[in-house]
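This is what each chain is made of:
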Amino acid sequence: MTTTESVIEQELVSKLQELKYVYRPEICDRATLEQNFREKFEALNRVKLTDTEFQKLLENITTPDVFAAANILRGYSSFERDDGTPLNYTLVNIRDWCKNTFEVINQLRINTDNSHHRYDVILLINGVPTVQIELKAMAVSPRRAMQQIVNYKTDPGNGYGKTLLCFIQIFVVSNRTDTWYFANNNARQFTFNADERFLPIYQFASEDNKKITYLDSFAEKFLAKCTLGQMVSRYTVLVASEQKLMMMRPYQIYAVKAIVECIHQNCGNGYVWHTTGSGKTLTSFKASTLLKDNEDIAKCLFVVDRKDLDRQTREEFNRFQEGCVEENTNTETLVRRLLSADRADKVIVTTIQKLGLALDDTSRRQTGKSRSYKERLKPLRNERIAIIFDECHRSQFGENHKAIKEFFPKAQLFGFTGTPIFDKNASYQQAEGDEGSYRTTDDLFQQSLHQYTITHAIEDRNVLRFHIDYYKPEGEKLPKPGEALNKEKVIETILLKHDAATAERKFNAVLATSSINDAIDYYEKFSEIQAARQVADPEFKPLKIACVFSPPAEGNKDVQQIQEDLLQEKQDNAQDPEAKKKALKAIIDDYNARCGTNHRIGEFDLYYQDVQKRIKDQQFPNADMPKKGAEKIDIIIVVDMLLTGFDSKFLNTLYVDKNLKYHGLIQAFSRTNRVLNDSKPYGNILDFRQQEPAVNEAIALFSGEKIDNPKKIWLVDPAPEVIQNLQSAVQSLGNFMESQGLSNAPEDVPNLKGDVARGQFITLFKEVQRLKTQLDQYTDLSEEQAEQIAQTVPSDALQGFRTMYLETAQRLKEKQDRPGGADESEVDQIDFEFVLFASAVIDYDYIMGLIARYTQNLTGKTKMTREELIGLIQSDAKFIDERDDIAEYIRSLSIDQPLDEKEIRAGYDRFKADKRERVLTELAEIHGIDATELQNFVDFVLRRRIFDGEGLSELMTPLELGWKARTQRELALMQDLAPLLNKLAYGREISGLSAYEY
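What counts and what doesn't
Just so you know, the residues in each chain are numbered from 1, in the order the chain's sequence is written. Given that this is a predicted model, residues contribute local features only at a pLDDT of at least 70 and side-chain atom pairs are listed and counted only at 80 or more, while totals for whole chains, interfaces and linings are drawn from all residues. To obtain the side-chain values, all non-hydrogen atoms of the structure were included, while hydrogens and water were left out. Runs of H or I in DSSP of at least four residues are treated as helices and runs of E of at least two as strands, each being numbered from the N terminus. Type-normalised accessible area, obtained with a 1.4 Å probe on protein chains alone, sets the label of each residue: buried when under 20%, exposed when over 50%, and partly exposed for intermediate values. Pairs of residues are marked as contacts when any of their non-hydrogen atoms sit within 4.5 Å. Areas reported here follow the Shrake-Rupley algorithm with a probe of radius 1.4 Å; residue values treat only the protein chains shown as occluding. Each helix should span, by expectation, one fewer than its residue count multiplied by 1.5 Å. Any carboxyl oxygen of Asp or Glu within 4 Å of a side-chain nitrogen of Lys or Arg constitutes a salt bridge here. The predictor reports its confidence for every residue as pLDDT, a score running from 0 up to 100. Here the aromatic set is Phe, Tyr and Trp, taking the six-membered ring for Trp, and pairing holds for ring centres within 6.5 Å; pairs whose planes are under 30 degrees apart are stacked, those over 60 apart are edge-to-face, and all others are tilted. A ring is considered to have a charge above it if a Lys NZ or an Arg CZ atom is located within 6 Å of its centre and within 35 degrees of its normal. To get an axis, a line is fitted to the C-alpha atoms, and for a helix only the part in contact is used. The angle between two axes follows their N-to-C directions and goes from 0 to 180 degrees. Should an angle fall under 35 degrees it is taken as roughly parallel, and over 145 as roughly antiparallel, whereas 65 to 115 is taken as roughly perpendicular and any remaining angle as oblique. The sense of a crossing depends on the near helix, which, turned anticlockwise from the far helix by less than a right angle, makes the crossing left-handed and, turned clockwise, makes it right-handed. The rule for pairing is simple: two strands pair if DSSP sees at least two bridges between them. Defined by distance alone, a disulfide is two cysteine sulfur atoms within 2.5 Å. Positive charges are assigned to Lys and Arg, negative charges to Asp and Glu, while His and the chain termini are left out of the count. Polar contacts here mean pairs of N or O atoms no more than 3.5 Å apart (in protein, one a potential hydrogen donor and the other a potential acceptor; neighbouring residues in sequence count only if both atoms are side-chain atoms). Note: the arc covers the axis-to-C-beta directions of the helix.

K.L.:
Would you take a moment to explain the overall build of the chain for this structure?
P.N.:
If you tally the helices and strands in the chain, you get 37 helices and 26 strands. Each of the 998 residues in the chain was classed as buried or not, and the buried ones make up 56%. At a minimum sequence separation of 6, the contacts of the chain that also span at least 24 residues come to 72%. Entry remark: accessible area of the chain is about 44,000 Å², with carbon and sulfur atoms responsible for 47%.

K.L.:
What is the right way to read helix 22 (residues 577-595) from this model?
P.N.:
The α-helix winds at 3.6 residues per turn, so residues separated by three or four positions along the chain end up facing the same way. Given a rise of 1.5 Å per residue, 19 residues ought to cover 27 Å, and the 27 Å separating the end C-alpha atoms of helix 22 matches this to within 8%. All of the buried residues in helix 22 are Lys580, Lys581, Ala583, Leu584, Ile587, Ile588, Tyr591, Asn592 and Cys595. Buried positions along helix 22 lie against helix 19 (516-536), strand 23 (545-547), helix 21 (567-572) and helix 23 (604-616). Once helix 22 ends, the next one or two residues include Gly596, with phi positive near 70°.

K.L.:
Teacher, can you tell me more about the pattern of salt bridges here?
P.N.:
Two side chains with opposite charge may pair up if their charged atoms get near one another. Counted under the stated rule, the structure contains 38 salt bridges. As a salt-bridge pair, Arg176 and Glu11 come within 2.0 Å of each other at their nearest N and O atoms. You can see Arg176 sitting in the loop between strand 7 (170-174) and strand 8 (179-183) and its partner Glu11 sitting in helix 1 (residues 5-18), a full 165 residues away along the chain. The partner of Glu488 in a salt bridge is Lys525, and the shortest N-O contact between them spans 3.7 Å. With Glu488 in helix 18 (residues 487-501) and Lys525 in helix 19, the pair connects residues that are 37 residues apart, well separated along the chain. Judged by relative accessible area, Glu488 falls into the partly exposed class, the value being 33%.

K.L.:
Just checking my understanding: could you explain the confidence of the model for the chain for this structure?
P.N.:
Parts of the prediction with low pLDDT should not have their coordinates interpreted in detail. Per-residue confidence for the chain gives a mean pLDDT of 83; residues scoring 70 or more make up 85%. Per-element confidence in the chain ranges from a low mean pLDDT of 51 for strand 18 (residues 427-431) to a high of 97 for strand 1 (residues 22-23). Scored below 50 in pLDDT, residues 193-198 makes 20 contacts in the model with residues more than four places away or belonging to other chains. A low-confidence stretch, residues 429-433 (pLDDT under 50), is modelled with twelve contacts involving residues beyond four sequence positions or located in other chains.

K.L.:
Would you mind showing me how to read the environment of Val639 here?
P.N.:
With respect to the helices and strands, Val639 occurs in the loop between strand 24 (635-638) and strand 25 (651-657). In sequence terms Val639 and Lys658 are 19 residues apart; their C-alpha atoms lie 8.5 Å from each other. With sequence-adjacent residues up to four places away left out, Val639 is seen in contact with Thr513, Ser514, Ser515, Ile516, Ala519, Val548, Phe549, Gln568, Glu569 and Lys658.

K.L.:
Please clarify how the packing of aromatic side chains should be interpreted in this entry.
P.N.:
For any pair of aromatic rings, the description rests on two quantities: the centre-to-centre distance and the angle between the ring planes. Enumeration over the complete set of coordinates arrives at 31 aromatic pairs. The lysine or arginine in question, Lys153, covers the ring of Tyr160, its NZ or CZ lying 5.3 Å from the ring centre. Between the NZ or CZ atom of Arg533 and the centre of the ring of Phe540, over which it lies, the distance is 5.5 Å.

K.L.:
In this structure, what is going on with the packing of helix 19 against helix 22? I would like to understand it.
P.N.:
A pair of packed helices is characterised by two quantities: the angle between their axes and the separation of those axes. Orientation of helix 19 relative to helix 22, taken along the N-to-C sense of each, is 40°, at an axis distance of 11 Å. Classified by the angle their axes make, helix 19 and helix 22 are oblique. For helix 19 against helix 22, the interelement crossing comes out left-handed. Between helix 19 and helix 22, the contacting residues are Ile516, Asn517, Ile520 and Tyr523 on the first element and Lys580, Ala583, Ile587 and Asp590 on the second.

K.L.:
Help me understand the sheet that holds strand 15 (residues 347-351) in this model?
P.N.:
Two strands in a sheet stick together by hydrogen bonds in their backbones, pointing the same way (parallel) or opposite ways (antiparallel). Pairing is parallel across the open sheet formed by six strands, whose spatial order is 15-14-16-17-13-20. Two strands in the sheet have a free side with no partner beyond their single neighbour: strand 15 and strand 20 (448-452). Between one strand and the next, the sheet's axes are offset by a mean angle of 15°, whatever the strand orientation. Of the pairings in the sheet, the one linking strand 14 (residues 299-304) to strand 16 (residues 385-389) comprises five bridges and is parallel in character. Note that in strand 16 the partner of Val303 across the bridge is Phe389.

K.L.:
Got a minute to help me understand the state of the cysteines in this structure?
P.N.:
Structurally, a disulfide amounts to a covalent bond that connects the sulfur atoms of two cysteines. Scanning all chains against the criterion turns up one disulfide. Across a sulfur-sulfur distance of 2.1 Å, Cys98 and Cys226 are joined as a disulfide pair. Highlighted residues: Cys98 in the loop between strand 3 (86-89) and strand 4 (102-112) and Cys226 in helix 8 (residues 225-233), separated in sequence by 128 residues. For Cys98, a relative accessible area of 34% gives the class partly exposed.

K.L.:
What is the right way to look at the side chain of Glu9 in this model?
P.N.:
Tracing the chain through its elements places Glu9 in helix 1. For Glu9, which is buried and forms no salt bridge, the nearest opposite charge comes from Arg118, at a distance of 8.3 Å. Of note is the side chain of Glu9, whose polar atom sits 2.8 Å from the side chain of Gln107.

K.L.:
What am I meant to see in the packing of helix 18 against helix 19 here?
P.N.:
The N-to-C vectors of helix 18 and helix 19 enclose an angle of 60°; their axes lie 10 Å apart at closest approach. In terms of axis orientation, helix 18 runs oblique to helix 19. Regarding helix 18 and helix 19, the two cross each other, and that crossing is right-handed. Within the contact between the two elements, helix 18 uses Lys487, Glu488, Val490, Ile491, Glu492, Ile494 and Leu495 and helix 19 uses Asp518, Asp521, Tyr522, Lys525, Phe526, Ile529, Gln530 and Arg533.

K.L.:
It is not clear to me how helix 36 (residues 949-956) should be interpreted in this structure. Could you clarify?
P.N.:
For helix 36, the set of buried residues is Gly951, Leu952, Leu955 and Met956. Angular distribution of buried residues about the axis of helix 36 spans 150°; they occupy a single face of the element. The outward face of helix 36, more than 90 degrees from its buried face, is lined by the exposed residues Glu950 and Glu954.

Have a look at this one:
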């Protein structure tokens, strides 16, 4: 028997009482909640308020803006009392959060306007509702509780905007065995978005990264009073530039605590090994700012490489705290701030280059000061200073490390790295023919303070696993590991495999080459080969290729700065620099012509940043891109650039024609594994250098765990295993359909009886589609394997089942979203994924083109019958809101009347307008109101996407009804009009409409 929600709730309340929370069952509505808050407020601020003063206080602090409420909760405020005197106050004890009162309430009901929600469990800190816990029975996914919270927050007149519930900081959802938490936020950061991901959600973990998901254990570790106080006050970051709350992940918190404790105990240096993509900048920033309160520390320096500060880290830091990093400050400013006694100068963000100049015996201000910077800094020599390095193995760091330690003997040094240097990878070939070496991370920083490796991140689904295809050309003479292939063969292979690897060009790719000459050669050969392909096949769509490598520096400080870590490019540019410049100019000219830009080699950095932004922001297939200046890049050819430090969730493939080892290999591979959604199941690597031994070595070195087979975690299952899983999933679906007395065919899905059976179909077919999506992006399938997949899930059957999935899922989702409409035992536990059923290649333009071809009766590979065309549209989630209209339009067209694409578009727009007018006229007749007025009302609502309640009443005015009769007629009209408005909005939310949906 499944443990019910009410039992889980009572057991949680009991657990919280064990943790010394005070249970307040009498707080059950808005009045008792506010009365309790008033008592706590008056006690904390040692004041007695009049009733009018208390109402004034509530008006001052209650806000629908979550970010504003978060600032009020953490700060000092004031308002004017009845006698005109100011009252300075705080809502909680912000100096020591542990000294607040912690209470638990349950089944609170808040009635505001149309909102009558009941909340499972709420935690109060000093009477302020700070944490809301929504519970589900054990059979129900916690994601349903998340969606319930999202629905609550979007209801018009909800308690989150008009009552003390505006101060909720953290939501917790659990079905007892599975517990998650996430931050409250304003609407634009708080949506259930299947195309991206759901909310930023977290599972709590121990210091060794073991998950704590059982509700009792979670309560002990996370909801303990002082821990919760710290989560709210210290480890929730208010991002000013985006007006949002961001919660730190458990491993980030442990790293910060470790640094703070190391300084408190004065026990030497240390480093934090947090993998690429884990948010090291936020962790190090928080460590820096927390040290501001440590009286034992005179200064805290956060040190980054110059180019990182100029491009990314400055933006990140100023994102966390506006204006905390000055732009283009010189070394004199750094020295002045180091010597300043102002508390605002206690935490300083600077570059390794400026710090190196400040400690150089010969460096001094250019205005003629006799003393060097180093001499002026002597008063700091005996002070305790904390220095945190954001990436602790930059090329400049080794030169400065000794100088820093010698000048600041009492300094404690802390480093962050995603790929530590061990004995094994301390010496390696940095550039072709150039042997380089690093000191190990342990040599530099003495001890590891916290580890969160790629193994942990993959298991947490913070980053993706990898699929690696070691390309082996046909023939008897196979290349040796590290040996280059013929470039034409590489390009032909990429053209063959790119669409599969990138989900029909939904994602983009990087081609890593060994040298600038190779990059130039590849760029030119791609152009030649694709041009020849187009001549041979007019339907061939060429890939959009770009290329980026640094130009010869020629004394340019910006380029010299860029090249500090681009060892291969720096070496290449020393040979025949004019040829490199000429080629790069031609590449930039091509880019300008294609993208409508005006970049020049003299301002290379602007070109480089534009390329990065275009890859980073790419989330649409080609035909969906806005046309002007928004050209998509399919493949970017690089040498050293973009292989470290660059993140894009729309980049999923790396083509490797370059020898990589150890940390360089991991950094390059990690460009592909940022999480998006289930349409991106893994990062794709296609290696043309036979580097499997190097990959195995790197995985063993950086797994960070004493596990027998780290490859099992890092790499996706081989194709035969996934095919077998797909066969099992198809068999499970067939067995289920047979158990319902039906055939395993799409046309029998509508005959399923009851929501339990429909929900089972949803779950089973979603697994079939998930595995098929994964296999679709494998680039190493043999012909036999491809045939095996096609036999397991024939394309016609798959398309038919997709159509049935979308229809069934939409029907059940409407039940879920209807207030009181979801029976927990049937519909409530179903978790929908529409994103899996949206094809990247089938977009609106593509469909309009197909319809035009259909009317023209053209022969060729795109010719389809009328019903095939309709089936294609109905099986794609992108058209879920207008697929019936498109299907009806196609059926209205005659094959004897050829139309071009422009005519098809115009005809479809007329068709929709005529249909809408016809439907609204019929509605107006049924409900006895003026058709023109109803049309105007609908136009107004759709234009503003806000439901106009007053306008609804005005529609009824000519009927001269009494209040009660008018209300009944309004509700009857809305029963018919609300579904139509939702359909006409094509998936976009109409604020306030949900109050009329039953």
